[in-house]
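Remarks on the overall topology
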Protein chains: 2
Amino acid sequence: MKPSIPKGTRDFLPHEVRRRNYIFDVIRQHFHRYGYQPIETPVMENLSTLTGKYGEEGDRLLFKVLNNGDFLRKADTQQLAAQDSDAVLPQISKRGLRYDLTVPFARYVVMHQNDLAFPFKRYAIAPVWRADRPQKGRYNEFYQCDADVVGSDSLLYEAELTQLLDEVFAALGLKAVIRLNNRKILAGLAEIAGHADRMMDITIAIDKLDKIGEAGVEKELLERGVDAGAVEVIKQFLGVTSLEKVAPLLQDSEVGRQGIAELQEVFDRVGKLTNRLEFDVTLARGLNYYTGCIYEVAVDTDAHPGIRMGSIAGGGRYADLTGIFGGRDLSGVGISFGAERIYDVLEELELFPADASEDLEYLLLCLDEETLVHGFDLLRQLRKAGHNADLYPEAAKLGKMMKYADQRNAPRVIIIGSREAETGQYSVKHMKTGEQEKLSLEELLER
Amino acid sequence: MKPSIPKGTRDFLPHEVRRRNYIFDVIRQHFHRYGYQPIETPVMENLSTLTGKYGEEGDRLLFKVLNNGDFLRKADTQQLAAQDSDAVLPQISKRGLRYDLTVPFARYVVMHQNDLAFPFKRYAIAPVWRADRPQKGRYNEFYQCDADVVGSDSLLYEAELTQLLDEVFAALGLKAVIRLNNRKILAGLAEIAGHADRMMDITIAIDKLDKIGEAGVEKELLERGVDAGAVEVIKQFLGVTSLEKVAPLLQDSEVGRQGIAELQEVFDRVGKLTNRLEFDVTLARGLNYYTGCIYEVAVDTDAHPGIRMGSIAGGGRYADLTGIFGGRDLSGVGISFGAERIYDVLEELELFPADASEDLEYLLLCLDEETLVHGFDLLRQLRKAGHNADLYPEAAKLGKMMKYADQRNAPRVIIIGSREAETGQYSVKHMKTGEQEKLSLEELLER
């Protein structure tokens, strides 16, 4: 029987792991630089922690872990015989795989609040699981990279997270557009249109402006029961791309004015960025729990034409993270990088540094059994001196060994015959250029 | 309802994550240095991959993941009504959480053999899951740190893995004893004792010498049906601590002589080590699949008296890793670090470097709202210059802010009042010593 792995999961070859780690390392380095601290939570959480936090669809997409031992013993036999999966589920499973890093974070903050200093800044780079139907670019097991701060409503955090987004993409060599909006501006817009209670319908519709155009948004608004007068008001907002121009439209809404003021303060604090920073009144982000500033980052298609990719990072401010677990009311703001999409973009644009695929420095090839002993000792000394080095473990034909060097992507090869072993003068061959140089042991170790 | 996490799983606070990462980083750095390449496999594997690989007990300890959707729909209603867990299991679950990193590695090598260069050297540092009864130091979710090479039977790999074990513990500042034996020596011993077919019984008994003494081993051998004459032969081996002295005892066993020769070659190649390297004829290691050299590492209690801890690393040579998945016959050798135990030992001995707990360099505290804007700009510049820096996000009372600095374990605090903001001369307070120095922005950034 041929072995296989579950649908929607992946194995990674060494060069893929290295490239993934390159992205994670850049993100992690910036999280550290900005004072975000690493925490870790279990892969398995109690289903009581996870269920009901992601809506009905989310509950269905949770991977549930079967109770151990004789798991059916305590289950209701009638419900079993009736094959009533929903009724039996809580009797045979009490744990599940985490669905995101946010709910475990909220649970963590409540459980450890006495051990944490607030404002508490944490990051996590870790896999999550969703039983989605697998498709191109969507997996059942994938990584999230989140940074959040809870316990402060200071807008300085919105500003620093904008800077952090900017610097991570600058470090990755990827030109990005960072779009900002504020849920309070969207609330104000709904209020001005006379539909304060329909904010979700309105934002869902205008969020689609990019895809369906102004006429499409108008149609969708009408279909969602927004009256024609309100649609006219809303249309005024759609072309607006600056805070200055949207401010007069919202002057009669207190929440709208507040949103403008918050966003203005963030823009004022952010300073000079490498990437484009834009105000986007149509930006809504799906998650209901955002209450203030919201972010979304996309590839800058002016700089990288032809890249078709949705959001590569996003986030926002939420009023109360921990209430669901009985925690005190803690405001927070966070961002999340879409590492899997960033990987695809960097690959398509060939933006991975050459050395992100292999970190071997030297590969030693020995021409006979005697020099193999010599080679192994040289290997030991190279490693002791801190070099990443390896050796082909037998004296095989040179062609076979050079093929191995190629497969290992070794940048430098040292071929050791009896003359090299005697004189202690080694030929180092640079595989990219074909150049050779003669180096003594001391010279090699000093590199 | 108070939130909780499943029994046998853990949350980690930031300083714990950093200390764990310190260990993982040291191990990973040495894996790289020795040419081992990172691979990653999914957390979820098909149960067909996992089941039957760890014995009956292992199968019971696998965490199984429930099929998604209406999972009971296709299950046998009679078996359900009879609460026959064993019969129902394969009908409602086809995936499980990995139990170790070795079986997934074997599966990986078979699936990707055409993409790999042999000898293939891989490492993995990743969590595994076992439904053991949780107890002190034993968890349901814990990390393994494995390096293996497959596709070569060169003893140079046994030698380099010994060097790698030595250097990792040297880098961690932990004095260790590395014990080596060879399964072929144990086979030879059984043969000499006239019980070639009872090698497992014999090795299980003599493996306990440390715990139960020579009289205990003798009793256990007799209980296991080894005759008194054979027990006398075996007792000759128990006091022997050098290869030279065991060789004459095994001269009539071909496999025994081969084991001696292999081990001698490893000792010859290894060179000078930092830690003690010992031959231990009683070392057996539990796993049946080892066929050649075996390793076990313990804390050196001469150097660290009072430390009670079993094996902190181990490994060995196996003749055929991939046969279970229909792969071609590939010999391999590997080692595994017990990171959780190493953590406990480093903590008990206070061997964690001071900077393994916090990587923040500067924390900025601002005395009023105006200087907060100034402080945030200084923060941005420090970060731009590559420093890990943070800011208390409001102008609170100094005592409150200093308490936060303490909790964050900040090594340096910069207090910014209106005078500092005006003059651009900053007081940097070193939290450990209480010393203060005045630095200009340029001086700060140049650090």
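Note on numbering: residues in each chain are counted from 1, in written sequence order. Following the order in which they are written, the chains are lettered starting with A and the ligands numbered starting with 1. With pLDDT at 70 or above as the cut-off, local features in this predicted model cover only qualifying residues; side-chain atom pairs require 80 or more to be listed or tallied, and sums for whole chains, interfaces and linings still use all residues. To get the side-chain values, all heavy atoms of the structure are used, and hydrogens and water are removed first.

All names here are of chain A. Cis geometry marks the peptide bond from Phe 118 to Pro 119; its omega dihedral reads 0°. Numbering of helices and strands starts at the N terminus; helices are DSSP runs of H or I of at least 4 residues and strands are runs of E of at least 2. Positionally, Pro 119 belongs in the loop between helix H6 (102-111) and strand S5 (120-129). Of note, Asn 409 is a non-glycine position whose phi angle comes to about 60°, a positive value. Take Asn 409: it is sitting in the loop between helix H16 (398-407) and strand S14 (412-416).

Another point: the UniProt feature "binding site: L-histidine" (unreviewed entry) in chain A. All names here are of chain A. The feature "binding site: L-histidine" (unreviewed entry), as annotated in UniProt, sits at Asp 100, Leu 101, Thr 102, Arg 130, Gln 144, Asp 148, Arg 285, Tyr 289 and Tyr 290 in this numbering. Here Asp 100 shows up in the loop between strand S4 (93-97) and H6. In this scheme, a residue with accessible area under 20% of its type's maximum is buried, one over 50% is exposed, and one in between is partly exposed, where area comes from a 1.4 Å probe on protein chains only. Take Asp 100: its relative accessible area is 9%, and that puts it in the buried class. Beyond its immediate chain neighbours, meaning those up to four positions away, Asp 100 contacts Tyr 54, Val 128, Arg 130 and Gln 144. Pairing of N or O atoms within 3.5 Å defines a polar contact, subject to two protein rules: one partner must be a possible hydrogen donor and the other a possible acceptor, and residues neighboring in sequence count only if both atoms are side-chain atoms. Polar contacts involving the side chain of Asp 100 include one to the main-chain amide nitrogen of Thr 102, which spans 3.1 Å. UniProt positions are given in the numbering used here, feature names are shortened, and annotations may be inferred rather than shown by experiment. Residues count as neighbours in contact if any of their non-hydrogen atoms are within 4.5 Å of one another.

Take the interface of chain A and chain B next. Listed as interface residues are 107 residues of chain A and, on the opposing side, 107 residues of chain B. When two parts are put together, the accessible area they lose, computed with a 1.4 Å probe and summed over both, is reported as buried area. In total, about 8900 Å² of surface goes out of reach between chain A and chain B, with carbon and sulfur atoms giving 58% of it. Three residues, Arg 33, Glu 40 and Phe 376 of chain A, lead the burial of chain A against chain B; their summed loss comes to 8% of the area buried on that side. Any carboxyl oxygen of Asp or Glu that lies within 4 Å of a side-chain nitrogen of Lys or Arg is treated as forming a salt bridge with it. Here Lys 121 of chain A ties to Asp 390 of chain B by a salt bridge, and the two come within 2.7 Å at their closest N and O atoms. Between chain A and chain B we count 47 residue pairs in polar contact (both at pLDDT 80 or more) in total.

Strand-to-strand pairing in sheets goes through backbone hydrogen bonds, with the strands running parallel or antiparallel. Residues and elements named next belong to chain B. When DSSP finds two or more bridges between two strands, those strands count as paired. Taking strand neighbours across the sheet as the criterion, the 8 strands line up as S1-S5-S6-S11-S10-S9-S7-S8 in an open arrangement whose pairing is mixed. Strands with a single pairing partner mark the edges of an open sheet, and in this sheet they are strand S1 (37-38) and strand S8 (276-279). The sheet contacts of helix H8 (residues 183-192) involve strand S7 (176-182), S8 and strand S9 (290-299), and relative to S7 the element is tilted by about 55°. For helices, the fitted line uses only the C-alpha atoms of the stretch in contact; every axis is such a line through C-alpha atoms, and the angle between N-to-C directions lies from 0 to 180 degrees.

Throughout the structure description, domain borders are defined by an automatic or database domain assignment. Its domain assignment divides chain A into domain 1 (102-124 + 151-348) and domain 2 (359-446). The gap between the C-alpha centroids of domain 1 of chain A and domain 2 of chain A is 54 Å.

Another aspect to go through is the sheet that holds strand S16 (residues 436-440) of chain B. Residues and elements named next belong to chain B. As summarised here, the arrangement of the 5 strands in space is S13-S12-S14-S15-S16, forming an open sheet in which the pairing is mixed. Bordering the open sheet on either side are strand S13 (389-391) and S16, each of which pairs with just one other strand. The mean inter-strand angle of the sheet, taken between neighbouring strand axes irrespective of direction, is 30°. As judged from the 4 bridges shared by strand S14 (residues 412-416) and strand S15 (residues 425-430), these two strands associate in the antiparallel manner. Note on S15: the bridge partner recorded for Ile 415 is Ser 427. Contacts from helix H15 (residues 369-384) reach strand S12 (362-366), S13, S14 and S15 within the one sheet, and its direction differs from that of S13 by about 165°. Contacting S12, S14 and S15, helix H16 (residues 398-407) runs over the sheet at an angle of about 170° to S12.

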